[in-house]
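One letter stands for each residue in the lines below.
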Amino acid sequence: MSKVKVMVKNDQTQVQIPVGVRLLIRRCCQAVLVYEHFEQDAEVSISFVSDAEIRRLNQIYRQKDAATDVLSFPLGQEGHYDVNKETGYALLGDVVISLEMAVKQARIYGHSLEREIGFLTVHSMLHLLGYDHETSPLEERKMREKEEAVLEELGISREATFVQPEDGVL
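What counts and how
- Residues numbered from 1 in each chain as written.
- Predicted model: local features only at pLDDT ≥ 70, side-chain atom pairs only at ≥ 80, totals over all residues.
- Heavy atoms only, no water.
- Helix = DSSP H or I, 4+ residues; strand = E, 2+ residues; numbered from the N terminus.
- Rg over C-alpha atoms; globule rule 2.2 N^0.38 Å.
- Buried < 20%, exposed > 50% of the residue type's maximum accessible area, 1.4 Å probe, protein only.
- Contact = heavy atoms within 4.5 Å.
- Areas by Shrake-Rupley, 256 points an atom, 1.4 Å probe, with all protein chains shown as cover.
- Lys, Arg positive; Asp, Glu negative; His and termini not counted.
- Charge placed at Lys NZ, Arg CZ, Asp CG, Glu CD.
- Pairing = 2+ DSSP bridges.
- Axes fitted to C-alpha atoms, helices over the stretch in contact; angles between N-to-C directions.
- pLDDT = per-residue confidence, 0-100.
- Core = buried A, V, L, I, M, F, W, Y, C linked by side-chain atoms within 4.5 Å.
- Left-handed = near helix turned anticlockwise from the far one by under 90°.
- Nonpolar A, V, L, I, M, F, W, Y, C, P; charged D, E, K, R; others polar.
- Salt bridge = Lys/Arg side-chain N within 4 Å of Asp/Glu carboxyl O.

Caption draft 1: Here's a closer look at the overall build of the protein. Along the protein, the regular secondary structure elements total 5 helices and 4 strands. The C-alpha radius of gyration of the protein comes to 16 Å, within 12% of the 15 Å expected for a compact globule of 170 residues. Overall size of the protein, expressed as C-alpha extent along the three principal axes, is 55 × 35 × 35 Å. Here the protein holds 170 residues, and 49% of them are scored as buried. In the protein, the share of contacts with a sequence separation of at least 24, taken over all contacts with a separation of at least 6, comes to 68%. Split by element, the accessible area of the protein, about 9,600 Å² in all, is 49% carbon and sulfur. Across the protein, the 19 positively charged side chains and the 28 negatively charged ones have centroids separated by 2 Å.

Caption draft 2: Looking closely at the sheet that holds strand E1 (residues 4–10). On the basis of which strands lie adjacent, the open sheet formed by 4 strands has the order E1-E2-E4-E3 and mixed pairing. Here the strands that pair on one side only, and so sit at the sheet edges, are E1 and strand E3 (70–74). With direction set aside, neighbouring strand axes in the sheet form an average angle of 15°. By the bridge criterion, 7 bridges tie E1 to strand E2 (residues 42–49) in an arrangement that is parallel. From the neighbouring strand, Met-7 faces E2, where its bridge partner is Ser-45. Packed onto the sheet, helix H3 (residues 99–109) meets E2 and strand E4 (90–98) and runs at close to 65° relative to E4. Each of E2, E3 and E4 is contacted by helix H4 (residues 113–128), which is oriented at about 25° to E3, the strand it contacts most.

Caption draft 3: The confidence of the model for the protein, seen in detail. Per-chain confidence: the protein averages 90 in pLDDT, with 92% of residues scoring 70 or above. Long-range and interchain partners of residues 160–170, a stretch whose pLDDT sits below 50, account for 17 contacts in this model, where long-range means more than four residues apart.

Caption draft 4: How the structure looks around the nonpolar core. One finds Ile-25, Val-44 and Leu-92 to be the most contacted residues of the largest nonpolar core, which totals 42 residues. Elements with a contribution of two residues or more to this core: E1, helix H1 (21–35), E2, E4, H3, H4 and helix H5 (137–153). Among the nonpolar cores identified, the runner-up in size contains 5 residues, and Val-49, Ile-54, Leu-57 and Val-96 belong to it.

Caption draft 5: Main features of the packing of H3 against H4. Across the interface, H3 lies against H4 with an axial gap of 8 Å and an inter-helix angle of 115°. As H3 packs across H4, the resulting crossing turns out to be right-handed. Across from Leu-99, Ala-102, Val-103, Gln-105, Ala-106 and Tyr-109 in H3, the residues of H4 making contact are Leu-113, Glu-116, Ile-117 and Leu-120. By residue class, the composition of the contact of H3 with H4 is 8 nonpolar, 1 polar and 1 charged.

Caption draft 6: Representation of the pattern of salt bridges in the model. This model, assessed by the stated rule, comprises 10 salt bridges. Between Asp-11 and Lys-9 there is a salt bridge whose closest N-O contact spans 3.9 Å. A salt bridge links Asp-65 to Arg-55, with the nearest nitrogen and oxygen atoms 2.9 Å apart. One end of the pair, Asp-65, is in the loop between helix H2 (51–62) and E3; the other, Arg-55, is in helix H2, with 10 residues separating them in the sequence.

Have a look at this one:
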């Protein structure tokens, strides 16, 4: 099994990172590589940012003046990746997650923040490997099926992670 080096950086102060999230992210990255039969050792960088920062990045790189949940910046093209000369690992790319948006979406969808962060990580890893749900409805469906299959293998599938409201409050 190939190895994955995941650098997680917290560049925001709005949301406290839950205990275990860094390990969850590493597990998600590894699970995607295993699921996709990625044979090389790999590196990925994941940064947590505020809504304001992800909005700024979304404007710069996608010309969309709105906050979003996650942005992926693949470094490879058609299965070819630059290699870190020091480690020999394939450089997959960078992922930027708005923790503020992840909290909002977890509430909207009625599941845990951990499930939302896991989903965003798996989603982005698939983008780093070349998948793009915005190219066609078929590609969107393929990507969604892969996301759910990986999350199910990790025990954080949609069915397993819904939060029950306490006293009518989520």
